[in-house]
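Chains, contacts and geometry: an overview
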Amino acid sequence: MAALPMPAHWRDLVALTKPRVMSLAIFTALCGMLAAPVAINPILGFTAILAIALGAGACGALNQWFEVDIDAAMKRTAGRPLPSGRMEKVSALHFGVGLGVFAVLLLGVATNWLAAGILTASILFYLIIYTAWLKPRTPQNIVIGGAAGAFPPLIGWAAAMDSLTALPWLLFALIFLWT
């Protein structure tokens with residue numbers, strides 16, 4: 001009789017979110033929000049940053065779900081929750097999708113649907129364009145995929161303003177070119 005797999009530990013769920021990468025999204029989203037020429041309610045601002053962080057975490061989880069075979073073959077990533085066998089692949093998929101949907105809904109309800117729409121676009125860009133399409137096909141994936149990391153200031157600005165102007169697009173361009 002085969003043993004049932006152990007349920008994932010909370011630390012494994014946190015690891016799926018790629019906290020170091022998430023911290024960059026949080027910082028640049030906060031920059032976009034603070035650059036907006038309006039005062040945002042601190043509770044709504046915190047909620048927006050939380051939703052953006054959760055959206056970034058969803059990307060990390062779904063990226064690891066999609067690339068589990070590649071991660072298993074690389075020494076640097078073999079110890080992650082999925083390739084090491086500490087978590088089932090379907091659990092990572094459910095966690096990532098649930099986190100992403102929750103993040104988008106939270107942002108939309110707390111701030112506005114423009115910000116939520118941009119968050120949705122950024123998650124889909126990261127997963128479909130960068131992870132599924134570019135990474136397996138071209139070494140230029142990081143150049144083009146850099147757009148995924150440039151979305152957070154747009155989202156932060158949109159959360160504060162419910163509109164976009166030239167400045168958040170300049171922040172997007174700066175981060176994209178820096179990446």
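The preceding data block contains the structure.
Here's what I pulled together on the structure shown here. (Residues numbered from 1 in each chain as written. Predicted model: local features only at pLDDT ≥ 70, side-chain atom pairs only at ≥ 80, totals over all residues. Heavy atoms only, no water.)

Quick word on the layout of surface pockets
Heads up, the rule is: We place a 1 Å grid over just the protein atoms. Points where a 1.4 Å probe fits but has no way out form a cavity, open points with protein on both sides within 12 Å along at least 5 of 7 lines form a pocket, and any residue with an atom within 4 Å of a point lines it. Grid points are joined across faces, edges and corners, and a volume is the space filled by probe spheres set on the points. Secondary structure elements are taken from DSSP: a helix is a run of H or I of four residues or more, a strand is a run of E of two residues or more, and numbering for both begins at the N terminus. Charged residues are taken to be Asp, Glu, Lys and Arg, nonpolar residues to be Ala, Val, Leu, Ile, Met, Phe, Trp, Tyr, Cys and Pro, and polar residues to be all remaining types, Gly included.
Taken as a whole, the largest pocket holds about 980 Å³ of empty space. Contributing to the lining of the largest pocket are 42 residues, with Val21, Leu24, Tyr126, Tyr130 and Gly149 lying nearest its centre. Elements supplying a minimum of two residues to the lining of the largest pocket: helix 2 (19-35), helix 3 (42-66), helix 4 (68-73), helix 6 (113-134), helix 7 (141-161) and helix 8 (166-178). A total of eight residues in the lining of the largest pocket trace back to one element, the largest contributor, which is helix 7. Partitioning the lining of the largest pocket into residue classes produces 24 nonpolar, 12 polar and six charged.

Things to note about the packing of aromatic side chains
Quick note on the threshold: Aromatic pairing here means that ring centres of Phe, Tyr or Trp (its six-membered ring) are within 6.5 Å. Orientation follows from the plane angle: under 30 degrees is stacked, over 60 is edge-to-face, and everything else is tilted. Any residue under 20% of the maximum accessible area for its type is buried, any over 50% is exposed, and the rest in between are partly exposed; the area is computed with a 1.4 Å probe on protein chains only.
For the structure shown, the criterion picks out six aromatic pairs. An angle of 70° between the planes, with centres 5.6 Å apart, marks the rings of Phe151 and Phe172 as edge-to-face. Taken together, the residues Phe151 in helix 7 and Phe172 in helix 8 connect sequence positions 21 residues apart. Residue classification places Phe172 among the buried positions, given a relative accessible area of 15%. When the centroid spacing of 6.4 Å and the interplanar angle of 10° are considered together, the rings of Phe172 and Phe176 count as stacked. A residue pair is termed a helical-turn pair when its members lie 3 or 4 positions apart in one helix, as Phe172 and Phe176 do in helix 8 at four residues. Owing to a relative accessible area of 28%, Phe176 belongs among the partly exposed residues under this scheme. Ring-pair connections join several aromatic residues into one group, and the members of that group are Phe125, Phe151, Trp169, Phe172 and Phe176.

Some words on helix 7
As a reminder, the rule being used: A helix is expected to reach a length of 1.5 Å times the quantity of its residues less one. The bend at a residue is defined as the angle formed between two axes, one fitted to the seven residues ending at that residue and one fitted to the seven starting there.
Across its 21 residues, helix 7 extends 32 Å between first and last C-alpha, which sits within 8% of the 30 Å expected from 1.5 Å per residue. Where helix 7 bends most, the angle comes to about 30°, and this point is Ala150, followed within four residues by the proline Pro152. Burial analysis of helix 7 places 16 of its 21 residues in the buried class, the great majority of the element. Positive backbone phi, at 60°, marks Asp162, one or two positions downstream of helix 7.

What to know about the environment of Trp133
Mapped onto the elements of the fold, Trp133 is located in helix 6. Residue Trp133 is classed as partly exposed on the basis of its relative accessible area, which comes to 48%. Residues Trp133 and Ile40, 93 residues apart in the sequence, show an inter-C-alpha distance of 37 Å.

Quick look at the pattern of salt bridges
The criterion, for reference: A side-chain nitrogen of Lys or Arg and a carboxyl oxygen of Asp or Glu constitute a salt bridge if their distance falls within 4 Å.
Under the criterion given, the structure shown has three salt bridges. Across the salt bridge formed by Arg86 and Asp12, the nearest N and O atoms sit 2.8 Å from each other. Here Arg86 is found in the loop between helix 4 and helix 5 (89-110), whereas its partner Asp12 is found in helix 1 (residues 10-16), with 74 residues between them in sequence. Between Glu67 and Lys135 there is a salt bridge whose closest N-O contact spans 3.0 Å. Of the two residues, Glu67 sits in the loop between helix 3 and helix 4 while Lys135 sits in the loop between helix 6 and helix 7, which places them 68 residues apart along the sequence. A relative accessible area of 6% means that Glu67 is categorised as buried.

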